[in-house]
Amino acid sequence: MTDARHPLTLILASPRGFCAGVDRAIQIVERTLEKFGAPVYVRHEIVHNRFVVEALERKGAVFVEELDEVPEGGKVIFSAHGVPKSVPEAAAARELIYFDATCPLVSKVHIEAGRLHERGLEIVLIGHAGHPEVIGTMGQLPDGAVKLVETDADTRNFMPRDADKLAFVTQTTLSVDDTAEIVATLKRRFPNIVAPHKEDICYATTNRQEAVKVIAPRAEAMLVIGAPNSSNSMRLVEVAERAGCTYAALVQRAADIDWAALGTPRTVGLTAGASAPEILVDEVIDAFRARFDVTLEMAETVREAVQFKLPRALAGE
């Protein structure tokens, strides 16, 4: 298998992997551990990636589902996906020291939803039921103030209290194309609906989807490194399929690659969701090199230079 290996061009998407919000959230956990020592408690997965979570656990992070698992005097961090208002209120009531790792672009949606509600508008949230970000956004406002729609069919069936007092916001990690279809339906049905001042789907989600759209038509297969509970990663698989790729699959690590299903393609696209670290990309590349005569090709669509500041208490000098 050394000299007669099948030639393969591996087209590597750029941008891929960690976004600024994920990088900030991980830094918040690491800085909190440095400042206070272990254990530091984290409510839910800090980001949707088991490799990242397990690495932080080895450093002393303890992941819990709810605040009642955090002992008195504990330090707790809220995940990058955001939390309902009731969570920091409960932490403050228990006098827990807490840090909010909510992505600033998710916080922007929270603020926007609050302002729209203050204007007396009923809010439509485009998103996926049960996703932590959706739970967090809906939890910014009183029960019933936000109506969730997941599909264009939902949108066609939605009946507002008052068609002239309506606004919409979106989850930040959705399919750009699916969301555009839903928004078009909302605007067609409710011409006076108030849109966000700026697109809610985040730059990282948009950029990673655009990179996949460029690669997928050229590739016989597309692999997306990410977790099955990662919305932005799952959307990348869907985008690859719609862009014409006959085989698109999500893998968490190299060990998850279905080599039999993959077969012997000549071109494979490779990307990573916004919660997946670059070390897992390297792992997958090495796995391909062990089986194929690999030529790496970079497909850069845009360069990202976004950075988010840490909370002042953790920022250091």
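**Examining the sheet that holds strand E4 (residues 75-78)**
1) Next: Taken in spatial order, the four strands line up as E3-E2-E4-E5 in an open sheet, and their pairing is parallel. Two strands bound the open sheet, and with one partner strand each, they are strand E3 (61-64) and strand E5 (97-100). The average angle at which neighbouring strand axes cross in this sheet is 25°, direction not considered.
2) Next: Sheet analysis places strand E2 (residues 40-43) next to E4, joined by three bridges and oriented parallel. Bridge pairing links Arg43 to Phe78 in E4.

**Some remarks on helix H8 (residues 203-215)**
1) Next: Relative to the 18 Å expected for 13 residues at 1.5 Å per residue, H8 spans 19 Å between its end C-alpha atoms, a close match to the ideal helical length.
2) Next: All of the buried residues along H8 are Ala204, Thr205, Asn207, Arg208, Gln209, Ala211, Val212 and Ile215.

**Here we look at the packing of aromatic side chains**
1) Next: According to the stated counting rule, one finds six aromatic pairs in the structure shown.
2) Next: Ring geometry for Phe36 and Phe99: centres 6.0 Å apart, planes at 40°, overall tilted. Of this pair, Phe36 sits in helix H1 (residues 20-36) while Phe99 sits in strand E5, placing them 63 residues apart in sequence.
3) Next: Residue Phe36 is classed as partly exposed on the basis of its relative accessible area of 32%.
4) Next: Here Trp259 and Phe292 contribute two aromatic rings whose centre-to-centre distance is 6.3 Å and whose plane-to-plane angle is 40°, an arrangement assigned as tilted. In this pair, Trp259 sits in helix H10 (residues 259-262) while Phe292 sits in the loop between helix H11 (278-289) and strand E12 (293-300), placing the two residues 33 residues apart along the sequence.
5) Next: Taking the relative accessible area as the measure of exposure, Phe292 reaches 5% and is therefore buried.
6) Next: Among the aromatic residues, those joined into a ring-pair cluster are Trp259, Phe288 and Phe292.

**So, helix H7 (residues 176-189)**
1) Next: With 14 residues, H7 extends 20 Å from end C-alpha to end C-alpha; this agrees with the ideal 20 Å at 1.5 Å per step.
2) Next: Burial in H7 covers these residues: Thr179, Ile182, Val183, Thr185 and Leu186. Mapping the buried residues of H7 onto a view down its axis gives an arc of 155°, with all of them on the same face.
3) Next: Along its buried surface, H7 packs onto strand E6 (122-126), strand E7 (146-149), helix H6 (152-157) and strand E8 (166-170).

**Quick notes on the layout of surface pockets**
1) Next: Reported here for the largest pocket is a volume of approximately 320 Å³.
2) Next: Counting residues per element, the ones that place at least two in the lining of the largest pocket are H1 and H8.
3) Next: Broken down by element, the lining of the largest pocket gets its largest block of residues, four residues, from H1.
4) Next: Residues of the lining of the largest pocket, tallied by class, amount to nine nonpolar, three polar and seven charged.
5) Next: What the second largest pocket holds in volume is close to 170 Å³.
6) Next: For the second largest pocket, the full set of lining residues is Leu105, Lys108, Lys198, Glu199, Asp200, Ile201, Cys202, Tyr203 and Thr206.

Conventions used here
Residues numbered from 1 in each chain as written. Predicted model: local features only at pLDDT ≥ 70, side-chain atom pairs only at ≥ 80, totals over all residues. Heavy atoms only, no water. Pairing = 2+ DSSP bridges. Helix = DSSP H or I, 4+ residues; strand = E, 2+ residues; numbered from the N terminus. Axes fitted to C-alpha atoms, helices over the stretch in contact; angles between N-to-C directions. Expected span 1.5 Å × (residues − 1). Buried < 20%, exposed > 50% of the residue type's maximum accessible area, 1.4 Å probe, protein only. Phe/Tyr/Trp six-rings, centres within 6.5 Å; stacked < 30°, edge-to-face > 60°. Arc of directions from axis to C-beta. Contact = heavy atoms within 4.5 Å. 1 Å grid on protein atoms, 1.4 Å probe; cavity = no way out; pocket = protein on both sides within 12 Å on 5 of 7 lines; lining within 4 Å. Points joined across faces, edges and corners; volume = space filled by probe spheres on them. Nonpolar A, V, L, I, M, F, W, Y, C, P; charged D, E, K, R; others polar.

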